[in-house]
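Structural description and commentary
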Amino acid sequence: MNRVSLYAGCLLSLAAATTSYGASTAPAHAAPSLSVDQIVERNVAARGGLAAWRAAKTLTIAGDMDAGGKPNHALPFVLKEKRPRKSRLEIVFKDQTSVQVYDGTQGWKVRPFLNRNEVETYTPAEMKSAATEQDLDGPLVDYVAKGTQIAPAGSDPVEGHPAYKLKLTLRSGDKRMLWIDAGSFLELKMEGEPRKLDGKLRKVAVYFRDYKTEHGLTTPRVQETAVEGVKQTYKMTITRVAVNEPLDDALFQKPQLAALAMPGPKQP
């Protein structure tokens, strides 16, 4: 569910700044003691239930994401996902469409805003990042089958909300921290993959807000990415969610430049 925020880093550059960003430190009550299985079960139920997520074969989300800079620009995007682990992200910038495609084993990108009018293959680092991403249902649905291990890491308030902190060890060995709201049991925050800025690896956190239920699935309509040492955060606002929309497998194959010359994704 946080795939757009993490993938967008491959297409867009972050502007460096001098002050760091942090979540609110407003006081919050401690979360009641629950086991990992209880937290996961309640999270999946809060998001629509196991049956509903297993029935979702494709997921399309669209909206706008921050590009950064002064003034900040909101860029329209469309993310299409299809099982197993296929994705296509399109972002429109100055009437040019940037594309990032992953077919489950290989990845390609087209970045015309950098004057790179060619189809580039993923770098080894991008392939590693894509391989660690979860399917369209997120990290906790069927986590055992995905090869993920989850350990409790205590409780830690996020923006004034008491939250359970979970340590996820993915099949690849990569680790992520995930914070679950102790009241709603929806995701509040997740550790992103560190990004290299000014020669240093910076921590990344993705915050999830404004949950809405559509087509039986509950998803966040706002995702905000904060990078350690960067004053400006990057917000993604989702205006459309579609479940089980027909998506041809050709969408997830190597992009064709001729097709990308057509107008980019339109917002509803």
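Counting of residues starts from 1 at the beginning of each chain's written sequence and follows it residue by residue. Only residues with pLDDT of at least 70 are given local features in this predicted model, and only at 80 or more are side-chain atom pairs given and counted; all residues enter the totals for whole chains, interfaces and linings. To get the side-chain values, take all heavy atoms of the structure and skip hydrogens and water.

1. Considering the side chain of Asp-135
Note on conventions: DSSP H or I runs of at least 4 residues are helices, E runs of at least 2 residues are strands, and numbering of each starts at the N terminus. For Asp-135, the location among the structural elements is in the loop between helix H4 (124-132) and strand E7 (149-155). Polar contacts involving the side chain of Asp-135 include one to the main-chain amide nitrogen of Arg-85, which spans 3.2 Å. Contacts described as polar in this section are N or O atom pairs within 3.5 Å, which, within protein, must combine one atom able to donate a hydrogen with one able to accept it, while residues neighboring in sequence count only if both atoms come from side chains.

2. Concerning the pairing of strand E2 (residues 74-82)
When DSSP locates at least two bridges between a pair of strands, those strands are taken to pair. The pairing of strand E1 (residues 58-66) with E2 spans nine bridges and is classified as antiparallel. Its bridge partner lying in E2, Leu-59 is registered against Glu-81. Note that E2 and strand E3 (residues 86-93) share six bridges and pair antiparallel. Bridging across to E3, Lys-82 finds its partner in Lys-86. Linking two consecutive strands that pair antiparallel, namely E2 and E3, is a turn of three residues; a positive phi of about 60 degrees is found at Arg-85 within it.

3. What to know about H4
Within the sequence span of H4, burial applies to Glu-126, Ser-129, Ala-130 and Thr-132. Considered in projection along H4, the buried side chains sweep an arc of 165 degrees and stay on one side of the axis. For each residue, the accessible area found with a 1.4 Å probe, counting protein chains only, is set against the maximum for its type, and the residue is called buried under 20%, exposed over 50%, and partly exposed in between. Taking the helix axis as origin, the arc is that swept by the directions to the C-beta atoms.

4. As for the environment of Leu-251
Among the structural elements, Leu-251 can be located in the loop between strand E13 (234-243) and helix H5 (257-260). Measuring from C-alpha to C-alpha, the distance between Leu-251 and Lys-86 comes to 9.3 Å, with 165 residues separating the pair along the chain. Apart from residues no more than four positions distant in its own chain, Leu-251 is found in contact with Lys-80, Arg-88 and Val-101. Contacts are assigned to residue pairs that have any heavy atoms within 4.5 Å of one another.

5. A closer look at the environment of Leu-186
Tracing the sequence through the fold places Leu-186 in the loop between strand E9 (175-181) and strand E10 (187-197). Sequence-wise, Leu-186 and Val-40 are 146 residues apart; in three dimensions their C-alpha atoms are separated by 9.9 Å. Setting aside chain neighbours within four positions, we find Leu-186 in contact with Asn-43, Ala-46, Arg-47, Trp-179, Ile-180, Asp-181, Tyr-211 and Thr-218.

6. Structural notes on the pattern of salt bridges
Each salt bridge in this description consists of a side-chain nitrogen of Lys or Arg and a carboxyl oxygen of Asp or Glu lying within 4 Å of one another. Applying the stated criterion across every chain yields a total of 18 salt bridges. Among the salt bridges present, the one from Asp-198 reaches Arg-202, with a minimum N-O distance of 3.8 Å. For Asp-198, a relative accessible area of 63% corresponds to the exposed category. Here Arg-240 ties to Glu-245 by a salt bridge, and the two come within 2.3 Å at their closest N and O atoms. Under the relative-accessibility criterion, Arg-240 is labelled partly exposed at 27%. Given the relative accessible area of 26%, Glu-245 is considered partly exposed. Through salt bridges with shared partners, a single ionic network connects Arg-83, Asp-135, Asp-137 and Lys-146.

7. Some remarks on the pairing of E3
Counting buried residues along E3, seven of its eight residues qualify, which places the element largely inside the surrounding structure. As paired strands, E3 and strand E4 (residues 96-102) are joined by seven bridges and run antiparallel to one another. Within E4, the residue paired with Ser-87 across the bridge is Tyr-102. Between E3 and E4, which pair antiparallel one after the other, the connecting turn spans two residues, and Lys-94 there sits at a positive phi close to 50 degrees.

8. Digging into the confidence of the model for the protein chain
When pLDDT drops low, the exact placement of atoms in the prediction is not to be read closely. As a per-residue measure, pLDDT tells how confident the predictor is, with possible values from 0 to 100. Looking at the protein chain, the pLDDT average stands at 86 and 85% of residues meet or exceed 70. At the level of individual helices and strands, the protein chain shows its lowest average pLDDT in helix H1 (residues 3-7), which scores 50, and its highest in helix H2 (residues 36-46), which scores 98. Taken together, the stretch residues 10-27 has pLDDT below 50 and engages in 48 contacts with residues farther than four places along the chain or on a different chain.

9. Quick word on H2
Residues spaced three or four apart along an α-helix point in a common direction, a consequence of the helix completing one turn every 3.6 residues. Among all positions of H2, only Val-36, Ile-39, Val-40, Asn-43 and Val-44 are buried. Around the axis of H2, the buried residues are gathered within 125 degrees of arc, so they sit on the same side. Summarising the geometry of H2, the exposed residues directed more than 90 degrees from the buried face are Asp-37, Glu-41 and Ala-45. On its buried face, H2 sits against helix H3 (50-55), E7, strand E8 (163-169), E9 and E10. Following H2 by one or two positions, Gly-48 has its phi on the positive side, about 130 degrees.

10. Section: unusual backbone geometry
Following Arg-83, the chain continues to Pro-84 via a peptide bond in cis, the omega torsion being -5 degrees. If you trace the backbone, Pro-84 turns up in the loop between E2 and E3. Unusually for a residue other than glycine, His-215 sits at a positive phi of about 55 degrees. Along the chain, the position of His-215 falls in the loop between strand E11 (200-214) and strand E12 (217-227).

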